[in-house]
Amino acid sequence: MNTKAFKAAVWILLIFSIIYIGREVSFIFIPLVVFVRLLFLPTLFALILYYLFRPIVSWLQGRNVARPLAILMIYATLALLVVLIFGTVGVEAYQQLLELIDFFPEYLDQAINAVGALEETYLFQRFQANDMFSIEDLAESVSEFILNALPGFQEGISSAMGFLANAVILFVLLPIILFYLLKDGESFHRFITRHIPEEYREEALTILKEIDHGLASFIQGQIIVSVSVGVLAYIGFLIIGIRHALILALFAVVTNFIPYIGPFIATIPAVIVGLFTSGLMALQVLIVIFIVQQIESLFITPQVMGKKLYLHPMVIIVLLLVVGNLAGLLGLIIAVPTFVIFKIIFSHLYEFLRTKKTADNGRSTKV
């Protein structure tokens, strides 16, 4: 009997048994799932802010400021910045959002008029004559969609209430988790490796340090790149005079956290708003976005991100397609850093096992 094959079969059988038993008693894990869901978003945002503020805390500590005091100084500065931002950018963004809501009926009328004008064109009438397209069928489809969506309205309200509850939990837990991350995060490596056998401790420490460095580079770099893109887009939108420039630029900041796909998502609302003004404005919007993306890809990203976290574009696109279907928008945002973590772990494990196997073969040859 092949011992390795028998061991592999036993392990596979054991794994499937655990999965089956876990599904049968899944109700036991419901409190754990709820607990993880409550802590996931606060922990995620705390990690992002940790990597953003850690260099500042270390810099202050290097100038003889106690670490807890440095953290409190950052909290005070951050609170002041939030008040200033909401008092300036926030007020302007809120006004533009109200303006966008006020303009919505006008945009809807323009869309209806555009459909009416399209219906009068020769090409459209040819389509209708050949039964290839019918405005009545389109209207019926839209009506059916609205009727099907109405039952989910109550569920949407419940989701909104759940979102508000999660926002309150996030607001309460985020500062607490972030404080302890900034205070004790530097000793996290030693805490983990202390529970690992000594022969693997050095390799584990190397992996943890590389993951830490990779996450820090990605998060800090992505924030700088996204904010830079938003500022450049806002300046460009102001130059061409498009409505709701700040809202569109802020949307570009958020979507730019999604690699490759994000810039295309940010383009859609800006072009639509431009089209409601004029065809020339939509063209100017496309030119502004093209120039911003060229500046970002040729100058900002190479300087900020470098090539340390380089992944082939096809790998990222496939990864985003898969994770986006499984986990939605949040999955799109965390897909790349999660992939980077697993890439670092598996590359080190492969190299470690290969080196260990070579060393074992060398010892057996000598014997």
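Here, every reference points to the structure presented above.
On a predicted model such as this, the values are computed, not experimentally measured, just so you know. (Residues numbered from 1 in each chain as written. Predicted model: local features only at pLDDT ≥ 70, side-chain atom pairs only at ≥ 80, totals over all residues. Heavy atoms only, no water.)

**Considerations on the overall build of the chain**
Moving on, step 1. Scanning the chain from terminus to terminus reveals 12 helices and 0 strands.
Moving on, step 2. When the elements of the chain are put in sequence order from the N terminus, they spell out α-α-α-α-α-α-α-α-α-α-α-α.
Moving on, step 3. Residues classed as buried in the chain amount to 26% of the 367 residues present.
Moving on, step 4. For the chain, the share of sequence-separated contacts (at least 6 apart) that also reach a separation of at least 24 residues comes to 69%.
Moving on, step 5. About 25,400 Å² of surface is accessible on the chain, with carbon and sulfur atoms providing 73% of the total. (Helix = DSSP H or I, 4+ residues; strand = E, 2+ residues; numbered from the N terminus. Buried < 20%, exposed > 50% of the residue type's maximum accessible area, 1.4 Å probe, protein only. Contact = heavy atoms within 4.5 Å. Areas by Shrake-Rupley, 256 points an atom, 1.4 Å probe, with all protein chains shown as cover.)

**Overview of the pattern of salt bridges**
Moving on, step 1. For the coordinates displayed, the defined rule picks out 2 salt bridges.
Moving on, step 2. Note that Arg-54 and Asp-212 form a salt bridge whose closest N and O atoms lie 3.0 Å from each other. Here Asp-212 lies in helix 8 (residues 198-240) and Arg-54 lies in helix 2 (residues 30-61), a separation of 158 residues in the sequence. For the pair formed by Arg-54 and Asp-212, the shared burial category is buried.
Moving on, step 3. Lys-183 is the salt-bridge partner of Asp-184, the closest N and O atoms lying 3.4 Å from each other. (Salt bridge = Lys/Arg side-chain N within 4 Å of Asp/Glu carboxyl O.)

**Side note on a nonpolar patch on the surface**
Moving on, step 1. A cluster of nonpolar residues, Leu-280, Leu-283, Leu-286, Ile-287, Phe-290, Ile-291, Ile-295, Leu-298 and Phe-299, forms a patch on the protein surface that exposes about 900 Å² of accessible area.
Moving on, step 2. Take Leu-280: its relative accessible area is 56%, and that puts it in the exposed class. (Patch = residues over 30% accessible without salt bridge, like charges linked within 9 Å, V, L, I, M, F, W, Y side chains within 5 Å.)

**A few points about the environment of Ile-334**
Moving on, step 1. With respect to the element layout, Ile-334 can be found in helix 12 (residues 313-366).
Moving on, step 2. Measuring from C-alpha to C-alpha, the distance between Ile-334 and Ile-258 comes to 8.6 Å, with 76 residues separating the pair along the chain.
Moving on, step 3. When sequence neighbours within four positions are dropped, the list of residues in contact with Ile-334 reads Phe-40 and Leu-44.

**Some remarks on the nonpolar core**
Moving on, step 1. Ranked by internal contacts, the top residues of the largest apolar core, which has 33 residues, are Tyr-51, Phe-53, Val-57, Leu-178, Leu-182 and Leu-320.
Moving on, step 2. For this core, the elements supplying multiple residues, two or more each, are helix 2, helix 3 (67-119), helix 6 (152-184), helix 8 and helix 12.
Moving on, step 3. Counting residues per element, this core draws most heavily on helix 12, which supplies 9 residues.
Moving on, step 4. In this structure, Leu-178 is in contact with Ala-46, Leu-49, Tyr-50, Phe-53 and Tyr-75, ignoring residues within four places of it in sequence.
Moving on, step 5. Core analysis: the next-biggest nonpolar cluster, separate from the first, contains 18 residues, Val-229, Phe-237, Ala-282 and Ile-289 among them. (Core = buried A, V, L, I, M, F, W, Y, C linked by side-chain atoms within 4.5 Å.)

**Concerning the packing of helix 8 against helix 9 (residues 245-255)**
Moving on, step 1. Running from amino to carboxyl end, helix 8 crosses helix 9 at an angle of 155 degrees, the nearest separation of the two axes being 8 Å. Viewed along their axes, helix 8 and helix 9 adopt a mutual orientation that is roughly antiparallel. Between helix 8 and helix 9 the crossing geometry is right-handed. Seen from helix 8, the contacting residues are Ser-226, Val-227, Gly-230, Tyr-234, Phe-237 and Leu-238; seen from helix 9, they are Ala-245, Leu-246, Leu-248, Ala-249 and Val-253.
Moving on, step 2. Of the residues belonging to the contact of helix 8 with helix 9, the class tally is 9 nonpolar, 2 polar and no charged. (Axes fitted to C-alpha atoms, helices over the stretch in contact; angles between N-to-C directions. Parallel < 35°, antiparallel > 145°, perpendicular 65-115°, else oblique. Left-handed = near helix turned anticlockwise from the far one by under 90°. Nonpolar A, V, L, I, M, F, W, Y, C, P; charged D, E, K, R; others polar.)

**Some remarks on the packing of aromatic side chains**
Moving on, step 1. This model, assessed by the stated rule, comprises 3 aromatic pairs.
Moving on, step 2. Measuring from centroid to centroid gives 5.5 Å for Phe-179 and Tyr-180, while their planes differ by 90 degrees, and the two rings are edge-to-face.
Moving on, step 3. Judged by its relative accessible area of 48%, Tyr-180 is partly exposed. (Phe/Tyr/Trp six-rings, centres within 6.5 Å; stacked < 30°, edge-to-face > 60°.)

**Section: the side chain of Asn-256**
Moving on, step 1. Relative to the assigned elements, Asn-256 resides in the loop between helix 9 and helix 10 (261-277).
Moving on, step 2. With a relative accessible area of 5%, Asn-256 lands in the buried category.
Moving on, step 3. Leave out the neighbours within four places in its chain, and Asn-256 touches Gln-222, Val-225, Ser-226, Val-229, Pro-263 and Gln-293.

**A few points about helix 10**
Moving on, step 1. For helix 10, with 17 residues, the first-to-last C-alpha span of 26 Å sits near the 24 Å given by 1.5 Å per residue.
Moving on, step 2. Among the residues making up helix 10, those that are buried are Gly-262, Pro-263, Ala-266, Thr-267, Ala-270, Val-271, Val-273 and Gly-274. (Expected span 1.5 Å × (residues − 1).)

**Notes on the environment of Phe-188**
Moving on, step 1. In this structure, Phe-188 sits in helix 7 (residues 188-193).
Moving on, step 2. Sequence spacing of Phe-188 and Leu-208 is 20 residues, and the spatial spacing of their C-alpha atoms is 9.3 Å.

**Concerning the side chain of Thr-255**
Moving on, step 1. Summarising the element assignment, Thr-255 is placed in helix 9.
Moving on, step 2. A relative accessible area of 7% means that Thr-255 is categorised as buried.
Moving on, step 3. In this structure the side chain of Thr-255 is engaged in a polar contact, spanning 3.0 Å, whose partner is the backbone oxygen of Phe-251.
Moving on, step 4. Ignoring sequence-local partners within four residues, the contact set of Thr-255 consists of Gly-262, Ile-265 and Ala-266. (Polar contact = N/O pair within 3.5 Å; in protein donor to acceptor, adjacent residues only side chain to side chain.)

**Concerning the packing of helix 9 against helix 10**
Moving on, step 1. Relative orientation of the contacting elements helix 9 and helix 10 amounts to 165 degrees, with a least axis distance of 8 Å. The angle between the axes of helix 9 and helix 10 places the two elements in the roughly antiparallel class. In this structure, helix 9 crosses over helix 10, and the sense of that crossing is right-handed. Side by side, helix 9 and helix 10 meet where Leu-248, Phe-251, Ala-252 and Thr-255 of the first sit next to Gly-262, Ile-265, Ala-266, Pro-269, Ala-270 and Val-273 of the second.
Moving on, step 2. Tallied by class, residues from the contact of helix 9 with helix 10 come to 8 nonpolar, 2 polar and no charged.

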